[in-house]
Amino acid sequence: MVSPTRRRDAVVQAQGALAVSQRRACRVLHQPRATQRYRPKLKGDEPKLVNGMHELVRQHPRYGYRRIWALLRTEGWRVNRKRIWRLWKKEGFKVPRKQRKKRRLGTSDNGIVRRRAEHKNHVWCWDFIHDRDEGSRPLKWLSLIDEHTRELLALEVERSMKAVDVIDVLSQVLLIRGAPQHIRSDNGPEFIAHAMRRYLETAAVDTLYIKPGAPWENGYAESFHGKLRDELLNAELFADLREAKALAAAWQNDYNHRRPHSALGYQTPAAFAATCARAAADAALGAPPQTPPGALPLDPGFFPSTERGEPGLEIEDPTLITIGT
């Protein structure tokens, strides 16, 4: 049996496809013209009732319309069960036959739910993502993000990266932006290395290591990598490492300054960062970005790379380093 709404739609489609009058379309489809011209009158409380149904369905996805109706009656709604059925069908609610198990939040106190970023430079996060170039040679990408402003502070790509390479990237960002209070990561060997922990302790940065096997606790990094994979890695064919570096720098600049971010009210991360209260207060006081003592690579003997006889890190002109501020 076809509902009156479906029959009305069928008449309208027949009128448009065959270029006939409403009278003729109704006669052919056996639709009473009174039914075709009828327009249902919505009650004033219907939008609020529908919102209440949506909320209950989200809380109880395995409940059918009868239980939802009973819960609404408990909340004080004087509503007919047949009306709830009509709205249930109209909104497309249904109890799925296949039920997927729901994964609860991890027990770690360092996840994004229990340790949220409250302001700029409060919590950063970083992680690796892997890809290959045109010759099937590996490309290892490191991303560093400010969780509050969503700014992409660094996007580096190499054939391989060790803890000392990650320290070099982080030190350049700290030189320009200052140090965060916390930095969130998984338990990868580059992030838990003794050299990395020693550097972060010297820079007065607290580490937030998520629970092993719980990538959702580092959700901002995982979400960003989904965008990076979709918009860059899957869209470009990298001839070699040099081309990957050039495209990474261009995409980072575009991400920070031109790409609207839905979580920021479709502002760009750089524009949102400019409106942060903390950034505005620093600008009003005329204070330069705070750099913690010992956070910068001033002592060449600090880095493990120099212990192997490799040359010390040379800091480029800060104006040439794009970090999305």
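Residues numbered from 1 in each chain as written. Predicted model: local features only at pLDDT ≥ 70, side-chain atom pairs only at ≥ 80, totals over all residues. Heavy atoms only, no water.

J.: Help me get a handle on the nonpolar core, residues and values and all.
T.: In terms of nonpolar packing, the biggest core is built from 25 residues, with W124, W126, L142, L144 and L170 touching the most fellow members. Put simply, the parts of the chain that give this core at least two residues each are β1 (123-132), β2 (138-146), β3 (152-158), α7 (163-177) and α9 (194-202). If one sorts the elements of this core by residue count, α7 sits on top with seven residues. For L144, the contacting residues outside a window of four places in its chain are W124, C125, W126, E151, L152, L153, A154, L170, V173 and I183. Counting residues in each nonpolar core, the second largest holds 19 residues, with I145, L155, L233 and Y255 among its members. (Core = buried A, V, L, I, M, F, W, Y, C linked by side-chain atoms within 4.5 Å. Buried < 20%, exposed > 50% of the residue type's maximum accessible area, 1.4 Å probe, protein only. Helix = DSSP H or I, 4+ residues; strand = E, 2+ residues; numbered from the N terminus. Contact = heavy atoms within 4.5 Å.)

J.: Describe the pairing of β2, and please don't skip the residues or the numbers.
T.: Of all nine residues in β2, eight are buried; the element is thus mostly enclosed. Two strands pair when backbone bridges link them, and β1 and β2 are joined in this way by nine bridges, in the antiparallel orientation. If you follow W126 over to β2, its bridge partner there is L144. Linking two consecutive strands that pair antiparallel, namely β1 and β2, is a turn of five residues; a positive phi of about 65° is found at S136 within it. Bridge analysis of β2 against β3 gives six bridges, and the strand direction is antiparallel. Note that in β3 the partner of S143 across the bridge is L155. Counting the residues in the hairpin turn of β2 and β3 gives five residues, including R150, whose phi is positive at 65°. (Pairing = 2+ DSSP bridges.)

J.: Could you give me a rundown of helix α11 (residues 241-257), with the residues and numbers involved?
T.: In an α-helix there are 3.6 residues to a turn, and that puts residues three or four apart on one side. A rise of 1.5 Å per residue sets the reference length of α11, with its 17 residues, at 24 Å; its end C-alpha atoms lie 24 Å apart and thus fit the reference within 8%. Looking only at α11, the buried set comprises L241, A244, A248, W251, Q252, Y255 and N256. In an axial view of α11, the angular spread of the buried residues amounts to 120°, which keeps them on one side of the axis. At its buried positions, α11 is contacted by β2, β3, α10 (219-233) and α12 (269-274). One side-chain oxygen of the residue at the start of α11 lies 3.4 Å from the amide nitrogen of R242, identifying that residue as D240. (Expected span 1.5 Å × (residues − 1). Arc of directions from axis to C-beta. Polar contact = N/O pair within 3.5 Å; in protein donor to acceptor, adjacent residues only side chain to side chain.)

J.: Describe in detail the packing of helix α4 (residues 46-59) against helix α6 (residues 81-91), supporting the description with residues and values.
T.: Contact geometry for α4 and α6: axes closest at 11 Å, N-to-C directions at 75°. By the criterion of interaxial angle, the relationship of α4 to α6 is roughly perpendicular. Two secondary-structure elements touch here, α4 through E46, L49, V50, M53, H54 and V57 and α6 through R83, I84, R86, L87, W88, K90 and E91. Partitioning the contact of α4 with α6 into residue classes produces seven nonpolar, one polar and five charged. (Axes fitted to C-alpha atoms, helices over the stretch in contact; angles between N-to-C directions. Parallel < 35°, antiparallel > 145°, perpendicular 65-115°, else oblique. Nonpolar A, V, L, I, M, F, W, Y, C, P; charged D, E, K, R; others polar.)

J.: Outline a positive patch on the surface, listing residues and values.
T.: A surface patch of positive charge is lined by R23, R24, R27 and R37. Looking at the positive patch, the element that brings in the most residues is helix α2 (residues 22-28), giving three residues. (Patch = residues over 30% accessible without salt bridge, like charges linked within 9 Å, V, L, I, M, F, W, Y side chains within 5 Å. Areas by Shrake-Rupley, 256 points an atom, 1.4 Å probe, with all protein chains shown as cover. Salt bridge = Lys/Arg side-chain N within 4 Å of Asp/Glu carboxyl O. Lys, Arg positive; Asp, Glu negative; His and termini not counted. Charge placed at Lys NZ, Arg CZ, Asp CG, Glu CD.)

J.: Before we move on, can you summarise the sheet that holds β2 with the specific residues and values?
T.: Two pairing modes exist for strands in a sheet, parallel and antiparallel, and in both the strands are linked by backbone hydrogen bonds. Read from one edge of the open sheet, five strands run β3-β2-β1-β4-β5, paired in mixed fashion. If you trace the sheet from one side to the other, it starts and ends with β3 and β5 (206-209), each paired once. Direction aside, the axes of adjacent strands within the sheet are offset by 20° on average. Relative to the sheet, α7 contacts β1, β2 and β3, its axis offset from that of β1 by approximately 140°. Lying over the sheet, α10 contacts β1, β2 and β3, oriented at roughly 35° with respect to β1.

J.: Residue-level account of the environment of T149, with values.
T.: One can find T149 in the loop between β2 and β3. Looking at T149, the relative accessible area reads 0%, which means it is buried. The spacing of T149 and E118 is 31 residues in sequence and 9.8 Å in space, taken between C-alpha atoms. In this structure T149 touches K120, R177, L264, P269, F272, A273 and C276, once residues within four positions along its chain are discounted. In terms of polar contacts, T149 uses its side chain to reach the side chain of E151, at 2.7 Å.

Honestly, it's all geometry; don't read function into it.
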